[in-house]
Amino acid sequence: LRAKNNHEATVKSLREELNSAKDTIASIRFEMDCTKDDLINTKEELSSKKETLDSTKLELAKVAEEYGQRAEQREEQVEIMRRELESAQESLEEERCKNADTNERLETTRMEMRGLKIQLTAKESEHEQLQRKTREKNNLYQAELERGKEHLREMCELFEKA
């Protein structure tokens, strides 16, 4: 009778251990499902961030191209204005040599020359400001791009570790 009681106690203990092991397995499976869901979400986030990064790269390329076009246009405008200024200066000298009685026209030409110099200075200043702003924007975009790359690397490392 004692052996039978010991056997039943052993069977009961083993059943309890079996049930506990089943609960542990179910808990581990649940955690694995959660981890799998987390990995899927992380992968989706990484894909979304990659798309954002790619979009930012394209936008940066467009901005750089647009800046290049604007810079070329500004340089052409500056060159045209320089030529106009040189032409005005040459005209002024010709008028001085031709006739002493043309002081009124000479003064007009001087005024035009001053106006062109002011416009040239303004255009050069505008050109320099545009270059400075573009460099600042490019630096900001580059920094953002680097942060994005670093974050993407970190997420990839986490994904690979998981």
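See the structure shown above.
Described in the following lines is the structure provided in the data block. Remember, predicted model here, so these are calculated numbers, not experimental data.

**Considering the overall build of the chain**
Then step 1. The secondary structure content of the chain amounts to two helices and zero strands.
Then step 2. Here the C-alpha radius of gyration of the chain, 39 Å, is well above what a compact globule of 162 residues would show, namely 15 Å.
Then step 3. Principal-axis analysis of the C-alpha atoms places the extent of the chain at approximately 145 × 15 × 15 Å.
Then step 4. A burial count over the chain gives 16% of its 162 residues as buried.
Then step 5. In the chain, 83% of the contacts between residues at least 6 apart in sequence involve partners at least 24 apart.

**Section: the pattern of salt bridges**
Between side chains of opposite charge, a pair can form when the charged atoms approach closely.
Then step 1. Going through the model one piece at a time under the given rule, you end up with ten salt bridges.
Then step 2. Notably, a salt bridge pairs Arg82 with Glu124, separated by 2.9 Å at the nearest N-O pair. Within this pair, whereas Arg82 is found in helix H1 (residues 2-98), its partner Glu124 is found in helix H2 (residues 103-161), the two being separated by 42 residues in sequence.
Then step 3. Judged by its relative accessible area of 37%, Arg82 falls in the partly exposed class.
Then step 4. Under the relative-accessibility criterion, Glu124 is labelled partly exposed at 24%.
Then step 5. Across the pair Arg153 and Glu150 runs a salt bridge whose closest N-O atoms are separated by 2.9 Å. Here Glu150 and Arg153 lie together in helix H2, a separation of three residues that amounts to about one turn.
Then step 6. Residue classification places Arg153 among the partly exposed positions, given a relative accessible area of 42%.

**Section: the nonpolar core**
Then step 1. Counting residues in hydrophobic clusters, the biggest one holds nine residues: Val78, Met81, Leu85, Ala88, Leu92, Leu106, Met113, Leu116 and Leu120.
Then step 2. The set of elements that each furnish at least two residues to this core consists of H1 and H2.
Then step 3. With five residues, the top contributor of residues to this core is H1.
Then step 4. Ignoring sequence-local partners within four residues, the contact set of Met113 consists of Leu85, Gln89 and Leu92.
Then step 5. Counting five residues, the second-largest nonpolar core is a separate cluster that includes Leu53, Leu145, Leu152 and Met155.

**Observations regarding the environment of Asp54**
Then step 1. Looking at the secondary structure, you find Asp54 in helix H1.
Then step 2. For Asp54, a relative accessible area of 30% corresponds to the partly exposed category.
Then step 3. Here the alpha-carbon distance between Asp54 and Leu145, two residues 91 residues apart in the chain, equals 9.4 Å.

**What about the environment of Thr134?**
Then step 1. Topologically, Thr134 is positioned in helix H2.
Then step 2. Counting along the chain gives 66 residues from Thr134 to Gly68, while the straight-line C-alpha distance between them is 9.9 Å.

What counts, and where the lines are drawn
Along each chain, residue indices are assigned from 1 in the same order as the chain's sequence is written. Only residues with pLDDT of at least 70 are given local features in this predicted model, and only at 80 or more are side-chain atom pairs given and counted; all residues enter the totals for whole chains, interfaces and linings. Side-chain numbers come from the whole structure's heavy atoms, not from hydrogens or water. What counts as a helix is a DSSP run of H or I of at least four residues, what counts as a strand is a run of E of at least two, and both are numbered from the N terminus. Here the radius of gyration uses the C-alpha set of atoms, whereas the globule reference equals 2.2 Å times the residue count to the power 0.38. Each residue's exposure class comes from its accessible area (1.4 Å probe, protein chains only) as a fraction of the maximum for that residue type: buried when under 20%, exposed when over 50%, partly exposed otherwise. Residues are treated as being in contact if the distance between any of their heavy atoms lies within 4.5 Å. The salt bridge criterion pairs a side-chain nitrogen of Lys or Arg with a carboxyl oxygen of Asp or Glu, the two atoms within 4 Å. Working definition of a nonpolar core: buried Ala, Val, Leu, Ile, Met, Phe, Trp, Tyr and Cys residues. They are joined through side-chain atoms within 4.5 Å.

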